[in-house]
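Secondary and tertiary structure notes
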Amino acid sequence: MLTGGLGTACYGLVKALSQYADVQLIIPQADRNQNLENVKIKGLNYYGVTGEDAIEVPEVPLEEYAKVHKVPAEFSNPYPVGIGFAKEAKALVAPEAIRALYSTGEPYGPNIMQKVATYAEVVSRMALEMDFDVIHAHDWITYPAAVKIKEMTGKPLVVHVHSLETDRVGEKAKGEWNKVFEVEYKGMLKADRVIPVSRYTQECAMEHYGIAEEKFFPVHNAIDPAETFRIPNKSGEKLVLFLGRVTFQKGPEFMVETAWKLLQVYPKVMFFVAGVGDMMDDLKKKVLERKIDHKFVFAGFLSKTNVKKVLAQADVYFMPSVSEPFGLSALEAAQFDVPCVISRQSGVSEVLPNALNADFWDTEKFANYIYGLLNYEGIREDMVSKTRKDIAQLSWDDSAQDVMEVYHSLGV
Amino acid sequence: MAAICFYFQVHQPYRLKNYSFVKIGKDHFYEATALNVEILNRVADRCYLPANRLMKSLIDENDGKFKISYSITGTCLEQLHRHRPDVIDSFRKLYETGCVEFFSETYYHSLAALYSLPEFERQVKMHEKAMLNILGVKTKVFRNTELMYQNGFADVLDNLGYKMVLAEGSIKYLGKEAANQIFIATNQKTKILPRNFIFSDDIAFRFSDPSWSEYPLMADTFASWLHKIEDPGGSINLFMDYETFGEHRKTETGIFEFMKHLPTQILKDKNFHFATPSDLLKIKKPNPPVYNATTWSSWADEDKDASAWTEDNMQKDALKKIYALEQPLLTLKKPDLLDVWGKLQTSDHFYYMSTRYRNDATHQAFSPYKSPYDAYLNYMNVLSDFEGLIGK
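The next point concerns the overall build of chain B. Each helix and strand in chain B was counted, giving 18 helices and eight strands. For 392 residues, the compact-globule estimate of 2.2 N^0.38 gives 21 Å, and the C-alpha radius of gyration of chain B, at 21 Å, lies within 12% of that figure. Counting only C-alpha atoms, chain B reaches 65 × 45 × 40 Å along its principal axes. Here chain B, with 392 residues, has 49% of them falling under the buried criterion.

Before going further, it helps to spend a moment on the interface of chain A and chain B. Taken together, the 15 residues of chain A in the interface contact 14 residues of chain B. Residue assignment for the side of chain A that touches chain B shows that the elements contributing at least two residues are helix H12 (363-375) and helix H13 (377-392) of chain A. If one sorts the elements of the side of chain A that touches chain B by residue count, H13 of chain A sits on top with seven residues. Residue classes in the side of chain A that touches chain B are distributed as seven nonpolar, three polar and five charged.

Once that is clear, we can look at the packing of helix H2 (residues 74-83) of chain B against helix H5 (residues 117-135) of chain B. Residue and element names in this part refer to chain B. Direction vectors running N to C along H2 and H5 enclose 30 degrees, while the axes themselves pass 10 Å from each other. By the angle class used here, H2 and H5 are roughly parallel. Helix-helix and strand crossings are classified by hand; for H2 and H5 the assignment is left-handed. Taken together, the residues of H5 that come into contact with H2 (itself represented by Gly74, Leu77 and His81) are Met126, His127, Ala130 and Ile134. Tallied by class, the residues present in the contact of H2 with H5 amount to four nonpolar, three polar and no charged.

Our next topic: the pairing of strand E1 (residues 2-10) of chain B. The side chains of a regular strand alternate, first on one face of the sheet and then on the other. All names here are of chain B. Among the nine residues of E1, nine are classified as buried, and the element is accordingly described as predominantly covered. Across the two faces of E1 the burial is the same, with Ala2, Ile4, Phe6, Phe8 and Val10 and Ala3, Cys5, Tyr7 and Gln9 all buried. Relative to strand E8 (residues 272-274), E1 runs parallel, the two being bridged by three bridges. What sits directly across from Ala2, in E8, is Phe272. In terms of strand pairing, E1 meets strand E7 (residues 235-241) through seven bridges, oriented parallel.

Further remarks concern the confidence of the model for chain A. In this model, chain A carries an average pLDDT of 90, and 92% of its residues clear a pLDDT of 70 or more. In this model residues 80-87 of chain A is a low-confidence stretch, pLDDT under 50, and it forms 26 contacts with partners more than four residues away in sequence or in other chains.

Moving on to the domain arrangement of chain B. Residues and elements named next belong to chain B. The domain boundaries assigned to chain B delineate domain 1 (2-281) and domain 2 (307-390). Placing a centre on the C-alpha atoms of domain 1 and another on those of domain 2 gives a separation of 23 Å. Between domain 1 and domain 2, the residue contacts involve 27 residues of the former and 20 residues of the latter. Contributions of two or more residues to the side of domain 1 that touches domain 2 are made by helix H4 (112-115) and H5.

This brings us to the domain arrangement of chain A. Residue and element names in this part refer to chain A. You can read the domains of chain A as domain 1 (4-222 + 399-409) and domain 2 (238-392). Inter-centroid distance (C-alpha atoms) of domain 1 to domain 2 is 30 Å. At the interface, 24 residues of domain 1 touch 15 residues of domain 2. Counting residues per element, the ones that place at least two in the side of domain 1 that touches domain 2 are helix H1 (4-17), helix H5 (165-169) and helix H7 (199-209). Residue composition of the side of domain 1 that touches domain 2, grouped by class: nine nonpolar, twelve polar and three charged.

Below, the discussion takes up the sheet that holds strand E10 (residues 340-343) of chain A. All names here are of chain A. One open sheet accounts for six strands, arranged E8-E7-E6-E9-E10-E11; its pairing is parallel. Edge positions in the sheet fall to strand E8 (296-300) and strand E11 (356-358), since each of these pairs with one other strand and no more. In this sheet, adjacent strand axes meet at a mean angle of 20 degrees when their direction is disregarded. Both strand E7 (residues 269-274) and E8 contribute to a ladder of four bridges, which runs parallel. The residue bridging Ala274 from the neighbouring strand is Gly300, located in E8. Where helix H11 (residues 328-335) meets the sheet, it contacts strand E6 (238-243), strand E9 (316-319) and E10, and its direction lies at approximately 165 degrees from that of E10.

With that settled, consider helix H13 (residues 313-323) of chain B. For H13 of chain B, every residue scored as buried is listed here: Met314, Gln315, Asp317, Ala318, Leu319, Lys321 and Ile322 of chain B. In this fold, the buried residues of H13 of chain B make contact with H13 of chain A together with H4, helix H12 (307-310), helix H15 (335-344), helix H16 (347-351) and helix H18 (372-390) of chain B.

Here the focus is the environment of Leu239 of chain A. Checked against the element boundaries, Leu239 of chain A lands in strand E6. Filtering out sequence-adjacent residues up to four positions away, Leu239 of chain A remains in contact with Asn233, Met270, Phe272, Gln313, Ala314 and Asp315 of chain A.

Residues and elements named next belong to chain B. Within strand E6 (residues 191-195), five of the five residues are buried, which leaves the element mostly enclosed by the surrounding structure. In terms of strand pairing, strand E4 (residues 164-168) meets E6 through five bridges, oriented parallel. The residue of E6 that forms the bridge with Met164 is Lys191. Bridging between strand E5 (residues 183-184) and E6 involves two bridges; their strand directions are antiparallel. Within E6, the residue paired with Ile184 across the bridge is Lys191. Following E5, the chain reverses through six residues before pairing antiparallel with E6; Gln188 in that reversal takes a positive phi of roughly 60 degrees.

The geometry of H13 of chain A relative to H18 of chain B is characterised by a closest axis approach of 10 Å and an angle of 170 degrees between their N-to-C directions. The orientation of H13 of chain A relative to H18 of chain B falls into the category roughly antiparallel. Between H13 of chain A and H18 of chain B, the residues in contact are Gly378, Ile379 and Met383 of chain A and Tyr373, Tyr376 and Leu377 of chain B, respectively. Partitioned by chemical class, the residues of the contact of H13 of chain A with H18 of chain B number five nonpolar, one polar and no charged.

The strand order across the open sheet formed by three strands is E4-E6-E5 (chain B), and the pairing between neighbours is mixed. With one partner strand each, in any of the chains shown, E4 and E5 of chain B form the two edges of the open sheet.

Attention now goes to the environment of Phe318 of chain A. Residues and elements named next belong to chain A. Topologically, Phe318 is positioned in strand E9. Given 30 C-beta atoms within a 10 Å radius, Phe318 is considered buried. Not counting the four nearest positions on each side in its chain, Phe318 is found in contact with Val240, Leu241, Phe242, Met255, Val341 and Ile370.

Our focus in this paragraph is the nonpolar core. One recurring pattern in soluble globular proteins is that nonpolar side chains are buried together. Cys340 and Ile370 of chain A are the most contacted members of the largest nonpolar core, which has 234 residues in total. Here Ile370 of chain A is in contact with Val240, Thr258, Leu262, Val316, Phe318 and Val341 of chain A, once residues within four sequence places are set aside.

The next thing to look at is the environment of Asn52 of chain B. Residue and element names in this part refer to chain B. Turning to its location among the elements, Asn52 is positioned in helix H1 (residues 33-61). With 23 C-beta atoms counted inside 10 Å, the residue Asn52 sits in the buried group. Between the alpha carbons of Asn52 and Phe153 there is a distance of 32 Å; along the sequence they are 101 residues apart. Not counting residues up to four positions away in its chain, the partners in contact with Asn52 are Ser90, Phe91 and Leu94.

When pLDDT is averaged along chain B, the result is 95, and 100% of the positions lie at 70 or above. ipTM for the predicted complex: 0.92, alongside a pTM of 0.92.

It is worth spelling out unusual backbone geometry at this point. All names here are of chain B. Look at the link from Tyr215 to Pro216: it is a cis peptide, with omega at -10 degrees. In this fold, Pro216 is placed in the loop between helix H8 (197-204) and helix H9 (219-227). The phi dihedral of Glu146 is positive, around 55 degrees, even though this residue is not glycine. Given 23 C-beta atoms within a 10 Å radius, Glu146 is considered buried. The phi dihedral of Gln188 falls on the positive side, at around 60 degrees, and the residue is not glycine. With respect to the helices and strands, Gln188 occurs in the loop between E5 and E6. The exposed category is assigned to Gln188, around which 9 C-beta atoms lie within 10 Å.

Basis of the calculations
- Throughout this description, residue numbers start from 1 for each chain and increase along the sequence as written.
- Here every chain gets a letter starting at A, and every ligand a number starting at 1, in the order they are written.
- With pLDDT at 70 or above as the cut-off, local features in this predicted model cover only qualifying residues; side-chain atom pairs require 80 or more to be listed or tallied, and sums for whole chains, interfaces and linings still use all residues.
- Each helix is a run of H or I in the DSSP string that is no shorter than four residues. Each strand is a run of E no shorter than two, and both are numbered from the N terminus.
- Two things to know: the radius of gyration comes from C-alpha atoms, and the globule rule equals 2.2 Å times the number of residues to the power 0.38.
- Around each residue's C-beta, the other C-beta atoms within 10 Å are counted; 20 or more make the residue buried, 12 or fewer make it exposed, and counts in between make it partly exposed. All C-beta atoms are placed from the backbone.
- In this description, a residue-residue contact is defined by the distance between C-beta atoms placed from the backbone, which must lie within 7 Å.
- Any residue that is not Ala, Val, Leu, Ile, Met, Phe, Trp, Tyr, Cys, Pro, Asp, Glu, Lys or Arg is counted as polar, Gly included; the first ten are nonpolar and the last four charged.
- Axis angles are defined between N-to-C directions and span 0 to 180 degrees, where every axis is a line fitted to C-alpha atoms and, for a helix, only to the segment in contact.
- For classification purposes, angles smaller than 35 degrees are called roughly parallel, those larger than 145 roughly antiparallel, those between 65 and 115 roughly perpendicular, and all remaining angles oblique.
- Whether a crossing is left-handed or right-handed is set by the direction in which the near helix is turned from the far one by less than a right angle, anticlockwise for left-handed and clockwise for right-handed.
- By this definition, two strands are paired if DSSP reports at least two bridges between them.
- Per-residue confidence from the predictor is reported as pLDDT, a score between 0 and 100.
- Start and end points for every domain follow an automatic or database-based domain assignment.
- In plain words, the nonpolar core is the set of buried Ala, Val, Leu, Ile, Met, Phe, Trp, Tyr and Cys residues that C-beta atoms within 7 Å link up.

Set out below in structure tokens:
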């Protein structure tokens, strides 16, 4: 499974969906230790080997598929790990090579376009041998495969939008060399239905990609109930938590501005940054320039266990994202009874009406919210108790039923 | 003879400006003056002036048989006096007809009755004085903020010389007694006029609701409903915001037309007449039913209690902090600070912080904030600065 929101969301959704539909999940990289009841999972990392999760090699050999342009070296990288191309991408055909391509443990990666091309070739070939009613593709990496299958079989196509290139890189998404934008556009254009993870993402897809409104059927992500706990913070300083990749999309520069404004008035606070990303150096530089480096902790990438420990101590969860299709980590924070201050340009604000939100550039307002949460005792309990109710309203089962409704609307 | 008692509440608060935490300790001016004046002008032009004109003509046309009452808060009176003397003049003219009564209330439209009786008394006296000085009116009957009332409160009013008070006519407090009569407080002294909330809300809320089965409501229909009421020997009390006319219900809804025809329609039945609470005070009837409110009642929302102002932690915190300033302020004896304190007690500030009624259309229409959290944080920033001024 992929890291970040996409993998978590797919896991939750598919698990719930399997109660209502026969789900066959084909993913780039499967994990034999991670099974889902009633769901057949096949991973391209088990291409041409034996086992239930393995993929048989077809009799007619695979063909090389996509060709992708080189990406300029200065291209800022919004993905969890490296993306970029040493050469043009073609689909791989040799079983060993395919297995190796998807067995690196590294999602995305410098040869992402080759992975996408190979995935399209392998999966579309598999689809010809399978019996199914609807194609449901999650995010751009699977769209070429899905479009190809639709073209070959005529089966209805649903594309699920967890994130858009315009969220990840902003206006640069429309750059000539950016093939991701093209892939997303084509996927949504060819789809019979588009399921964005929020109304916000629908608006983005309509505005930046010009996709017709009638195709959309937003389905919010949910969160499974979890055991939560609190760890008393004895440091004497309040803790504001930023949890996520340090990339353009997550708005780290707005965090610095907010922190600076807050610290002028209220110095007894630490900003804890959990995550890595291509804007890390830039972030550290800005913090130094503002002379607030002693108020920042850069913890790097944290394991799930450690994330929970930090959530259990945090006083405020802060997500100043420039464009956040959903923002599952805000739900995780809210589940830990941490009051959330989040960007209005986010999907999660649609399901957390009792979080505080402001436009991502409105750093004084963010600072004002954080100041209030750290100083005024009346607000925390009201926000937390109402948010608990908001979270209790969310369930993957409801999301799955919404997805079923989309299928039904296609005559499935 | 059944009486119809119309009373209209006239109120405008001093809304706070957007007060970010960076202003604390630097900016000691809290009011959104431009916004407040803008709203005042709008309401004056859409409601107060045309409604006063209408009421005046109805009184003239009916040869004094049409009677009404008002309560104007100190914060509204003050703003009108400063920015719209024409509205003050028109209220004065109404008073001169002899068919209009004005009530007493807290100057700042506050919840002082719930939190500090000395402060409550100070504000009632202030209001009495303002009514006399600005409108030339001597008040006799009391209405508390949002019609809030509870049993022990009658004695407080009695000590201040008030023989009658207005309250919500919810079954919670009236018991099995018919609503349209004059009740008595548990002290067996103070008379209580309960609001007929069904008929009042027909005009104040449902009037412009197309999904209501009685929409559109005409004056003759409404009068016929009143005429059908079995006369319990009291009065049918129609209490509502004056802003119902032209502000909450726009002119296009026909609310003015409705009111224009209502007195004639009601007076068609010779058993009906209009009365002011002071008229009703003269009625001597043995063994009136007892109005029993063991906790604070109000005319708000479905619960008819004080929860819309006092239930949330944010409200409790803000109220606790504002009333904690009483002693330091009394020691300081600075009139300007006392006035700021009073304005910060205006109940509207706490109403905006209510989370339970966040999605309620009425609450939303009143609040200048996007959320109850914004209302609380803005208020607390202001309060932090004010505490600094007092040296607390």
